[in-house]
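Structural features, examined
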Amino acid sequence: MLASSRSLLRAATSRSSLGAVRYLNVHEYISMELMQQHGISTPESHVAETPQEAEHIYNSRFKARGLEDVVIKAQVLSGGRGLGTFKNGFQGGVHMISSGQQARDFAESMIGQELVTKQAPNGIICNKVLLMERMYMRKEMYLSILMDRSAQGPLLVCSPRGGTSIEDVAKSNPEFIFTQPIDIMEGITDEHCKRMAGNLGLTEGSPSFDKAVTLMKNLYSMFIALDCTQVEINPLAETPDGEVVVCDAKVNFDDNAEFRQGTVFSRRDYSQEDPREVEASKYDLNYIGLDGSIGCMVNGAGLAMSTMDIIQLKGGSPANFLDVGGGASETQVQKAFELLNSDPSVKAILVNIFGGIMRCDVIAKGILKAADELGINKPIVIRLQGTNVKEAKLLIEASSHRMILADDLEDAATKAVGVAEIVAQAEKIDVNVEFEGLHL
């Protein structure tokens, strides 16, 4: 069955060892700091970058105050840390510790190692650990605020069944998932918060109920003030003494708000991201790595997704989503080509350009310049239509580089899938192949 391009994009993060960044995602310790700044209760926590620092933090920050039970967490941008395995064999990215020596030993097993999780099957580097006060929970709940397209604004989501995968709860017990749309012009109201506190299973009039209402108001204020796209708390804990505390959180931010959220965006951890996507973002290219063998360079997100779909239909698999946009410069096109040409998983490159705002001759110049400077070591299939297409074909014809031109997208996809398969088979038997002499 044909997998849609939208499904491929959703799966991109789980397939790649490093996550795609469409919205800024920050580490747990940063999320906790931001919540504290907005009056949201969190456990005491401190971050360490070395095993020695972890031991010092345990002894000076926790043991000195009579706190022996502490949770140590690997700081990686991936879910399922607790069930993950480090490549050095150490099991789990979340552990309970009760001594400074344990803090040092566990940190030594985590820091500098790659953690393999369901979301990061190829591993993701852990550069820091978070030591957090252990919370004794009477109740574990789930709470989030996200920008929701169907609600056309913020959506408050909660469940009395937190501490586990909310996706599993939604699948097995959808009656325990509660939602509350929020009018972004009006903001969150007492009525919204009280209704959702009740849905969490808290008793109206109790201290924990009132604190949950206040927490929701503060959380919404943070959501708006920091241009968040999602704030997710799991678990939100009710303690035996009636406190309501955020024990784990994930916060995403709108990339378009970087110009006014400089402090937050300055804490972006590039080590947690696909280096290809980091490089592409420097040139304002929309790039998401996938796991196929056909590199795609397209102008326009819709055309890019259609190109990915037809590659699938023809029996191939796209290696990426790459939209150079409608007004890409020659430099941007050159950089896009460099990214595809340097990717070892790419066996063939398919360029699909419909020249409206984007001029076909600019695309051709960018590709040819990259080919002149870097050389071409992968077959290139090009489909060009629209503005200055004749000029583009003349440029390619006059160059010394041989490229495969196609009249339409279906023809281009068929040729790209075919040559990618030839290259893949040749590599298996250690044979070099060349494609040349193909007419325009």
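Criteria and cut-off values
The numbers attached to residues start from 1 for each chain and follow its sequence in the written order. Residue-level local features of this predicted model are given only where pLDDT is at least 70; pairs of side-chain atoms are given and counted only at 80 or more, and the full residue set underlies all totals for whole chains, interfaces and linings. Each side-chain value is worked out from all heavy atoms of the structure, with water and hydrogens disregarded. The way it works is that DSSP assigns letters per residue, a run of H or I at least four long becomes a helix, a run of E at least two long becomes a strand, and they are numbered from the N terminus. Residue exposure (1.4 Å probe, protein chains only): buried if accessible area is under 20% of the type maximum, exposed if over 50%, otherwise partly exposed. To obtain the arc, one takes the directions from the helix axis to the C-beta atoms. Whether two residues are in contact is decided by their heavy atoms: any pair within 4.5 Å suffices. Each patch is assembled from residues with relative accessible area greater than 30% and no salt bridge, linking like charges that lie within 9 Å and nonpolar side chains (Val, Leu, Ile, Met, Phe, Trp, Tyr) that lie within 5 Å. To be clear on the numbers: accessible area is Shrake-Rupley with a 1.4 Å probe, and residue cover counts the displayed protein chains and nothing else. One side-chain nitrogen of Lys or Arg within 4 Å of one carboxyl oxygen of Asp or Glu is enough to make a salt bridge. Strand pairing requires that DSSP identify at least two bridges connecting the strands. Here a Phe, Tyr or Trp ring, Trp counted by its six-membered ring, pairs with any other such ring whose centre lies within 6.5 Å, and the pair is stacked when the planes are under 30 degrees apart, edge-to-face when over 60, and tilted otherwise.

**Some details on the environment of Asp105**
With respect to the helices, strands and loops of the structure, Asp105 is situated in helix α4 (residues 100–110). Since its relative accessible area comes to 35%, Asp105 is described here as partly exposed. Sequence separation between Asp105 and Ser150 is 45 residues, and the spatial gap between their C-alpha atoms is 48 Å.

**A few points about helix α9 (residues 275–282)**
The set of residues buried in α9 consists of Glu277, Val278 and Ala280. An end-on view of α9 places all buried positions within 165° of arc, on one side of the element. Along α9, exposed side chains directed more than 90 degrees from the buried face belong to Pro275 and Lys282. Where α9 is buried, its residues meet β15 (286–289) and α11 (330–341). Of the residues trailing α9, Asp284 is marked for its positive phi of about 60°.

**Considering a nonpolar patch on the surface**
A cluster of nonpolar residues, Met147, Ile184, Met185 and Ile224, forms a patch on the protein surface that exposes about 410 Å² of accessible area. Here Met185 is to be found in the loop between β11 (178–181) and α6 (190–199). A relative accessible area of 75% means that Met185 is categorised as exposed.

**What about the sheet that holds strand β7 (residues 124–125)?**
Read across the open sheet, the three strands follow the order β4-β6-β7; overall the sheet is antiparallel. Whereas interior strands pair on both sides, the edge strands pair on one side only; in this sheet they are β4 (85–86) and β7. Sheet analysis places β4 next to strand β6 (residues 114–116), joined by two bridges and oriented antiparallel. Bridge pairing links Phe86 to Leu115 in β6.

**As for the pairing of strand β17 (residues 320–323)**
Across the two faces of β17 the burial is the same, with Asn320 and Leu322 and Phe321 and Asp323 all buried. The sheet contact formed by β15 and β17 spans four bridges and is antiparallel. The partner of Asn286 across the bridge, within β17, is Asp323.

**Details of the packing of aromatic side chains**
Summed over all chains, the structure comprises three aromatic pairs. Ring geometry for Phe90 versus Phe106: centroids 5.6 Å apart, planes at 85°, classification edge-to-face. Here Phe106 lies in helix α4 and Phe90 lies in the loop between β4 and β5 (94–97), a separation of 16 residues in the sequence. Judged by its relative accessible area of 18%, Phe106 is buried.

Shape descriptors only; they carry no functional weight alone.
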